[in-house]
Amino acid sequence: NSGKQFPIKFSQNPNSLSKKEREAILKKPGFGQKFTDHMLIIHYNDEKKWHDAEIKAYGPISLDPAVCVFHYAQEIFEGMKAYKANDGRILLFRPEANAKRFANSAKRLAMAQLPESIYLQAINEFVKAEKNWIPDQEIGSLYLRPFMIASKPYLGVKPSPEYLFMLIASPAGSYFSKDAQSVSVWVSEFYTRAAPGGTGEVKCGGNYAASLAAQQEATKNQCDQLIFLDSVEHKWIEEMGGMNIFFVFKDGTLLTPPLSGTILPGITRDSLITLAKDKGLTVKQEKYSIHQLIDDIQSKKISEIFACGTAAVITPIGKIKNSKGEYIINEGKSGKITQELRKSLIDIQFGNVIDPYQWVKVV
Ligand code: PLP
Ligand code: COI
């Protein structure tokens with residue numbers, strides 16, 4: 001906490017939930033359904049720059065129907081978590097990496113750049129204000145959702161001169177509702193997520209809007225999630241709707257698609273590459289085709305597949321399905337390397353072990 005602090009006003013929500021009501025939610029939080037008592041908001045316009053920062057009662061905001069975000073989707077967001085360590089410390093996982101990715105997303109969508117120092121200060125002050133909302137370790141963590149919208153009422157197609165940065169939080173258990181050992185994923189022959197030169201490597205709402213019809217197709221095919229292939233050759237595995245993907249070969253080698261410019265550079269992905277390498281495993285960041293994957297599953301060269309991300313943590317993938325058939329991995333169970341990496345990651349995030357990477361920041 002060195003240097004000048006950006007002033008953030010705090011106004012207590014007079015209608016905050018009672019301890020009893022809050023604790024009932026924290027026992028079974030689900031994902032993204034319940035929100036904490038407060039929200040943070042910072043205003044921007046081209047003249048005043050960032051101003052009027054406030055943490056205040058969570059609730060609806062009023063916007064002119066003409067604001068840019070409603071028409072041209074100038075919106076970006078992030079996802080990160082606050083963890084409660086067993087010794088009571090409150091921890092964030094690689095918040096600087098998050099702040100950087102947010103800044104990069106803002107640049108790609110031609111939005112105002114919130115200085116990373118203000119972003120980090122906002123997260124810290126907000127998490128302190130909502131510290132009673134962090135579930136216990138056995139249950140989960142507090143999911144933080146920073147986002148920014150273009151808030152100038154204007155129908156011209158050009159970057160907005162006004163923005164709102166906001167931060168909300170939601171206590172989170174598991175992202176996938178059922179307590180299955182693994183999830184199933186659908187590979188669409190039609191839909192793609194991102195094209196070269198597009199917005200695939202940043203976190204803007206539009207990417208997710210465009211993925212929903214594909215997710216519907218996955219659901220119709222009894223799958224929990226989906227894998228996107230590249231948009232040029234429609235052959236190379238890229239990532240999932242809201243997660244990166246790793247393949248584990250029988251010899252213990254890991255493979256994850258390279259950061260081609262069309263996939264999101266996941267902070268979990270990056271951390272797992274480091275963790276796996278430090279365990280002595282080989283990690284390849286190489287293009288991998290869907291045809292090769294199916295061959296490798298059938299010839300049992302692939303022993304495990306998992307999805308990873310802030311919301312999903314590490315989730316084993318037990319089944320891959322496309323229009324031609326379905327392919328089961330490791331009898332639909334979580335594998336040894338998946339479990340080992342998951343434990344190493346979670347132990348660092350929750351402060352159960354010493355963090356040799358200085359990823360974890362105490363709030
Ligand atoms: N890919 C997509 C499309 C995502 O939405 C996410 C989630 O944020 C990820 C990958 C994983 O990123 P991270 O590990 O930084 O949460
Ligand atoms: C996250 O993991 O933070 C994400 O943004 C994924 C989202 C689809 C819930």
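In this text, all values refer to a predicted model and were calculated from it rather than measured experimentally.

Draft legend 1. How the structure looks around the overall build of the chain. A tally of regular secondary structure across the chain gives 8 helices and 18 strands. In summary, the chain has a C-alpha radius of gyration of 21 Å against a globular reference of 21 Å for 363 residues, a match within 12%. With the principal axes as the frame, the chain shows a C-alpha extent of 60 × 50 × 35 Å. Counting across all 363 residues of the chain, residues that qualify as buried make up 39%. Within the chain, counting contacts between residues at least 6 apart in sequence, those at least 24 apart form 72% of the total.

Draft legend 2. Fine view of the site of ligand 1. Close to ligand 1 lie G79, E239, G242, M243, N244, L264, G266, I267, T268, R269, G309 and T310. Per-element accounting of the shell around ligand 1 gives the leading share, 3 residues, to helix α6 (residues 267–278). Partitioning the shell around ligand 1 into residue classes produces 3 nonpolar, 7 polar and 2 charged.

Draft legend 3. Spotlight on the pairing of strand β7 (residues 141–150). Counting buried positions over the 10 residues of β7 gives 9, a clear majority of the element. When strand β4 (residues 75–77) meets β7, the two strands line up antiparallel, connected through 3 bridges. Looking at β7, one finds that F77 is bridged to F147. Here strand β5 (residues 80–84) runs beside β7; their pairing, made up of 3 bridges, is antiparallel. The residue bridging K81 from the neighbouring strand is Y143, located in β7. Pairing geometry for β7 and strand β8 (residues 162–172), over 10 bridges, is antiparallel.

Draft legend 4. Focus on the nonpolar core. Judged by nonpolar contacts, the single largest core of 43 residues is most densely connected at I76, A82, I123, L142, L144 and M148. Contributions of two or more residues to this core are made by β2 (38–45), β5, β6 (90–93), α3 (95–108), α4 (116–129), β7 and β8. Filtering out sequence-adjacent residues up to four positions away, I76 remains in contact with F102, S105, A106, L109, M111, F147, M148, V202, K203 and C204. C223, L226, A312 and V313 belong to the second largest nonpolar core, which has 36 residues in total.

Draft legend 5. Here's a closer look at the packing of α3 against α4. At a closest axis distance of 9 Å, the pairing of α3 and α4 adopts a crossing angle of 125 degrees. Looking at the two axes, α3 sits oblique to α4. The chirality of how α3 crosses α4 is right-handed. Mapping the contact onto sequence places P95, E96, A99, K100, F102 and A103 in α3 and E116, Y119, L120 and I123 in α4.

Draft legend 6. Structural view of helix α5 (residues 205–220). Taking 1.5 Å as the rise per residue, α5 with 16 residues should run 22 Å; its terminal C-alpha atoms sit 23 Å apart, in good agreement. Maximum bend of α5: about 35 degrees, positioned at L212. N207, S211, Q215 and A218 are the residues of α5 that are buried. Buried-residue contacts for α5 involve β9 (183–187) and β10 (225–229). Just beyond α5, the residue with positive phi is Q222, at close to 60 degrees.

Draft legend 7. Examining the UniProt feature "modified residue: N6-(pyridoxal phosphate)lysine" (unreviewed entry) in the chain more closely. Per the UniProt entry, the sites bearing "modified residue: N6-(pyridoxal phosphate)lysine" (unreviewed entry) are K203 in this numbering. Within the secondary structure layout, K203 lies in the loop between β9 and α5. Assessed through the 24 C-beta atoms surrounding it within 10 Å, K203 is described here as buried.

Reading the values: the criteria
Residues numbered from 1 in each chain as written. Chains lettered and ligands numbered in written order. Predicted model: local features only at pLDDT ≥ 70, side-chain atom pairs only at ≥ 80, totals over all residues. Helix = DSSP H or I, 4+ residues; strand = E, 2+ residues; numbered from the N terminus. Rg over C-alpha atoms; globule rule 2.2 N^0.38 Å. Buried ≥ 20, exposed ≤ 12 C-beta atoms within 10 Å, placed from the backbone. Contact = placed C-beta atoms within 7 Å. Near = placed C-beta within 6 Å. Nonpolar A, V, L, I, M, F, W, Y, C, P; charged D, E, K, R; others polar. Pairing = 2+ DSSP bridges. Core = buried A, V, L, I, M, F, W, Y, C linked by C-beta atoms within 7 Å. Axes fitted to C-alpha atoms, helices over the stretch in contact; angles between N-to-C directions. Parallel < 35°, antiparallel > 145°, perpendicular 65-115°, else oblique. Left-handed = near helix turned anticlockwise from the far one by under 90°. Expected span 1.5 Å × (residues − 1). Bend = angle between axes of the 7 residues up to and from the residue. UniProt positions renumbered as here; feature names shortened; annotations may be inferred.

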